[in-house]
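The primary structure of each chain is shown beneath.
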Amino acid sequence: MNTIIRNQMQLMNNLLSYRTRVEAFRLADLIRFVSENIDAMDFVQSGDIVFSILEEINEPNNSILDVELLIPVDRQFKSNVHYVFKPVFKLENAVMLKYCGKFSEVTSAAGVLLEYLMKNHMQMITKVYYVVRTLQDDTGVVDIMAGVNGNYV
């Protein structure tokens, strides 16, 4: 069961932004790997990982995602060619779909949120963000969020 909630906000500080390409079926493995190994870069993860999909390339029997991972960490740092420091991530007036299920289907579940926005005449003003609350094997709880124009009809 998916639940949709309006007027949500997500605020995080001291983010490590990492952008890469990954096969869709390996996205959960990438998120798990980053979370389990962030300490190798002398950081402590201080909140839930957020990701967005910037591009999706569909190949026969495969899908490749261009993703940005936002990992809240315990301190500020200098950006480099591998990852970038972002001081704040703030998503206001968002509509959120609370998704519980197979992580491999989480990007498809975003369609339910997009359909809800269209049906309710809401104008999306941000990309879709996925806040990974829990992830175990291929099952997870993910808040799928998009900021909307406050002046919707």
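Just above, that's the structure.
Note that the structure is a prediction, hence the values are computed from the model and not measured. (Residues numbered from 1 in each chain as written. Predicted model: local features only at pLDDT ≥ 70, side-chain atom pairs only at ≥ 80, totals over all residues. Heavy atoms only, no water.)

Asker: Looking at this model, I keep getting lost on the overall build of the protein. Mind explaining?
Answerer: Of regular secondary structure, the protein possesses 2 helices and 6 strands. Listing the helices and strands of the protein from first to last along the sequence gives β-α-β-β-β-α-β-β. With the principal axes as the frame, the protein shows a C-alpha extent of 45 × 35 × 25 Å. The proportion of buried residues among the 153 residues of the protein is 39%. The long-range share in the protein, meaning contacts at least 24 apart out of those at least 6 apart in sequence, stands at 73%. Carbon and sulfur atoms make up 50% of the accessible area of the protein, which amounts to about 8700 Å² in all. (Helix = DSSP H or I, 4+ residues; strand = E, 2+ residues; numbered from the N terminus. Buried < 20%, exposed > 50% of the residue type's maximum accessible area, 1.4 Å probe, protein only. Contact = heavy atoms within 4.5 Å. Areas by Shrake-Rupley, 256 points an atom, 1.4 Å probe, with all protein chains shown as cover.)

Asker: Just to check I follow, could you spell out the nonpolar core for this structure?
Answerer: The tendency in soluble globular proteins is for nonpolar side chains to be buried side by side. Formed by 36 residues in total, the largest nonpolar core has its most connected members in F51, F103 and I144. Contributing elements (two or more residues each) for this core: β1 (3–23), α1 (27–37), β3 (62–72), β4 (84–102), α2 (106–119), β5 (129–136) and β6 (139–147). Setting aside chain neighbours within four positions, we find F103 in contact with L27, A28, I31, F51, V132, L135, D138, T139, G140 and V142. Ranked by size, the runner-up nonpolar core spans 11 residues in total, among them M12, A94, M96 and M145. (Core = buried A, V, L, I, M, F, W, Y, C linked by side-chain atoms within 4.5 Å.)

This is a description of form; function is not addressed.
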